[in-house]
Amino acid sequence: MHPPDAETVLVRHGELGVKSDQVRIKMERQLQGHIDALLEDRSIPGRVRTERNRLYVETEPEHVEDATAAATDAFGVVSASPAVRVEPERDTILAAMKRGAEREYDGGAFAVRARRAGPADAHPFSSTDLEREGGAAVGEAIEALGGDVVVDLDDPDFTVFVECRPEKAFVFLEKRDGPGGLPLGSQRPLVALVSGGHDSPVAAWEAMRRGSPIVPLYVDLGAFGGADHRARAVVTADRLAELAPQYDMRLRVASAADLVADLMATVEATRMLSLRRAMLAVAEQVADDRDAVGIVTGESIGQKSSQTTANLAATDVATDLPVHRPLVTTDKTDILERARELGTYEDTSIPAGCNRVAPEHPETNATVEAVEAAEPDDLFERARAIADARTIVDRG
């Protein structure tokens, strides 16, 4: 929803605004580069510029919706608004507000929110003047449309916003939420273990939201992975890559079919833990090659037998890198809702391959010593070889 002739997207960031000036400027440039990359990848014409702690995307009216969607996919963006830029003059602003109401109002109570920036003598009016006179102009438009003129400043159904600066003003009708967080690239890369299930792409997205580019890694379980399991991992990795076109986020695939078969034949209660340890070792090798500094998984405390606090402790010692679990205390229902919002839910709605590996009576309170005693002596040597033999899947 936007006023007629809207050609600018106002982009708001949040957390990076409280950083020191040096860090903030650097992060704003990273955010600007991310939005530029999204626009280019989606063939959306536009130019991103920064001015007074605010980013603007300048595009064409026919592309303003797509440009807004791109901006709200960029990590670090709190919200964005498609807006029309007008001269900072009272009559011009009021006319734009009225046109916006004429085009988009569809019933209910309304409000006007005005914000004026700059020295007191920059404009011959205040923000209160704009709200009062703008309210009258919007009311006239609603009345002309046959609606009832009802003002509700607390919970309006329709809102007209104005941001007035010394050299220009913007009129807009909504604030669309972005992911928030920090600009992508403000943190070092992480390897994300992508299983093809619901949890791992959400965890990877959460790591990206905090500024870390990711290297998606799928450990192929062979026959134990389930039908189309690898294909599901490819699709979800592609979805994540769409959000970061400036980075090489192609899926890395490491084949562990033979190792899994051996674990199935030789290890009982702690089998799943040994597989997780092997996966972490594979991820560590990939991280070394890709200059990544940690590993991301979709694990959540107690969600599965392998994810008890004791068992997580027994698996983490398999790697010297930190294992980041963004979903560690998140309920499954909340994870599924995030997957729906991310757009990966449908593509991951199949049984996880690990379910076929889990023993009938799994250990839930393992010790490192017990796990090591049961698993093959060459587990980590084989894991490193699996990592070295990985392949890369090009984006579809």
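Fair warning: this is a prediction, and the values are worked out from it, not measured in the lab.

1. Regarding the packing of helix α8 (residues 271-290) against helix α13 (residues 379-388)
Part 1 of the argument: One can describe the packing of α8 onto α13 by two numbers: an axis separation of 8 Å at closest approach and a directional angle of 45°. As judged from the angle between their axes, α8 and α13 are oblique. The element α8 and its partner α13 pack so that their crossing is right-handed. Within the contact between the two elements, α8 uses S274, R277, A278, A281, V282, Q285, V286 and D289 and α13 uses L379, F380, A383, R384, I386, A387 and D388.
Part 2 of the argument: Here the contact of α8 with α13 is built from residues that sort into nine nonpolar, two polar and four charged.

2. Observations regarding the side chain of S186
Part 1 of the argument: Relative to the helices and strands, S186 is located in the loop between β8 (176-177) and β9 (190-193).
Part 2 of the argument: Owing to a relative accessible area of 19%, S186 belongs among the buried residues under this scheme.
Part 3 of the argument: Polar contacts involving the side chain of S186 include one to the main-chain carbonyl oxygen of P183, which spans 2.7 Å.
Part 4 of the argument: Look past the residues within four positions of S186 in its chain and what remains in contact with it is M27, Q30, R210 and G211.

3. Some remarks on the confidence of the model for the chain
When pLDDT is low, close inspection of the predicted coordinates is not appropriate.
Part 1 of the argument: Scored by pLDDT, the chain comes out at a mean of 91, with 96% of its residues at no less than 70.
Part 2 of the argument: Within the chain, the element-level pLDDT minimum falls on helix α11 (residues 354-357), averaging 69, and the maximum on strand β12 (residues 295-296), averaging 98.

4. Considering the UniProt feature "binding site: ATP" (unreviewed entry) in the chain
Part 1 of the argument: Mapped onto this structure's residue numbering, the UniProt feature "binding site: ATP" (unreviewed entry) falls at L193, V194, R276, G298 and Q307.
Part 2 of the argument: For L193, the location among the structural elements is in strand β9.
Part 3 of the argument: For L193, a relative accessible area of 7% gives the class buried.
Part 4 of the argument: Excluding anything up to four places from it in sequence, L193 contacts S200, L217, V219, M279, L280, A283, I295, V296 and T297.
Part 5 of the argument: Residue placement: R276 occurs in helix α8.
Part 6 of the argument: Residues contacting R276, with those up to four places away along its chain left out, are T297, E299 and T315.

5. Observations concerning the environment of D378
Part 1 of the argument: As for its position among the elements, D378 is in the loop between α12 (368-374) and α13.
Part 2 of the argument: Classification of D378 by relative accessible area gives partly exposed; the value is 32%.
Part 3 of the argument: D378 sits 84 residues away from G294 along the chain, and the two C-alpha atoms are 23 Å apart.

Conventions used here
- Residues numbered from 1 in each chain as written.
- Predicted model: local features only at pLDDT ≥ 70, side-chain atom pairs only at ≥ 80, totals over all residues.
- Heavy atoms only, no water.
- Axes fitted to C-alpha atoms, helices over the stretch in contact; angles between N-to-C directions.
- Helix = DSSP H or I, 4+ residues; strand = E, 2+ residues; numbered from the N terminus.
- Parallel < 35°, antiparallel > 145°, perpendicular 65-115°, else oblique.
- Left-handed = near helix turned anticlockwise from the far one by under 90°.
- Contact = heavy atoms within 4.5 Å.
- Nonpolar A, V, L, I, M, F, W, Y, C, P; charged D, E, K, R; others polar.
- Buried < 20%, exposed > 50% of the residue type's maximum accessible area, 1.4 Å probe, protein only.
- Polar contact = N/O pair within 3.5 Å; in protein donor to acceptor, adjacent residues only side chain to side chain.
- pLDDT = per-residue confidence, 0-100.
- UniProt positions renumbered as here; feature names shortened; annotations may be inferred.

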